[in-house]
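Chain by chain, the residues:
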Amino acid sequence: MENFTHINPEDQPAMVDVGAKDVTKREAVATSRVRLTPEIAALLEDGDIRTKKGPVFQTAVIAGIMACKKTSDLIPMCHPLPLSSCNIDISMKEDAHVLIRCQVKVTGKTGVEMEALTGASIAALTIYDMCKSFSHDIAIIQTQLEHKSGGKSLFTRKS
């Protein structure tokens, strides 16, 4: 088993030194799934759910993008990254499930998996917040990395 990358030789927390790494194009895609109640899902109209707080999915997209840009403020060992792209797509699926897909790109020395996971997670939490006045029986049921490229490793989740 490899050593943990965020522990230094003195067994103390440390940010990984990426100074010697090559600058490459890096991309990550993460998804989150949110299960709504059928009553909330029935409020979908023209691709969004409207509430007194505003359009749910549009607000979640903005929150997810903001979260991607703030990942290094939220996750202690993440490097601040100048993201070149962040796209969040939200769609209603069967059985009152919402799929959030967050794709993040950067040209740099470290990957953007945490940014993609953070963006998808915060978008899911925003959907919960926007819809909780209808019901608290909402579940964020899954957040996972789907794909990463650039750097030393490539990962694509098998279906």
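Starting afresh in each chain, residues are numbered from 1 along the sequence in its written order. Restriction of local features to residues with pLDDT of at least 70 applies here, the model being predicted, together with a cutoff of 80 or more for giving and counting side-chain atom pairs; totals for whole chains, interfaces and linings are based on all residues. Water and hydrogen atoms play no part in the side-chain values, which are based on all heavy atoms of the structure.

Let's talk about helix α4 (residues 113-131)
Condition: Elements are defined by DSSP. Helices are runs of H or I of four residues or more, strands are runs of E of two residues or more, and each kind is numbered from the N terminus. Helix span, expected: 1.5 Å multiplied by one less than the number of residues in the helix. We call a residue buried when its accessible area falls under 20% of the maximum for its residue type, exposed when it is over 50%, and partly exposed in between, using a 1.4 Å probe and counting protein chains only.
Spanning 19 residues, α4 covers 27 Å between terminal C-alpha atoms, matching the ideal 27 Å at 1.5 Å per step. For α4, the complete set of buried residues consists of E115, A116, T118, G119, A120, A123, A124, T126, I127, M130 and C131.

Some thoughts on the nonpolar core
For clarity, the cut-off: Here the nonpolar core consists of buried residues drawn from Ala, Val, Leu, Ile, Met, Phe, Trp, Tyr and Cys, with membership extended through side-chain atoms lying within 4.5 Å.
With 30 residues, the main nonpolar core has V34, L36, I90, V98, I100 and I127 as its most contacted residues. If you list the elements that add at least two residues to this core, you get β1 (24-35), α1 (38-41), α2 (56-69), β5 (85-93), β6 (97-108) and α4. Sort the elements by how many residues they give to this core and α4 lands first, with seven residues.

Looking at the pattern of salt bridges
When the charged atoms of two side chains with opposite charge come close together, those side chains can pair. Applied cut-off: In what follows, salt bridge is the name for a side-chain nitrogen of Lys or Arg lying within 4 Å of a carboxyl oxygen of Asp or Glu.
Summed over all chains, the structure comprises five salt bridges. Taking the shortest distance from any N to any O, the salt bridge between K70 and D73 comes out at 3.6 Å. Look at D73 and you get exposed, because its relative accessible area is 57%. For D129, the salt bridge goes to K132, with nearest N and O atoms at 2.8 Å. The class of D129 is partly exposed, set by a relative accessible area of 31%. Residues joined by salt bridges that share partners form a network here, namely K53, D129 and K132.

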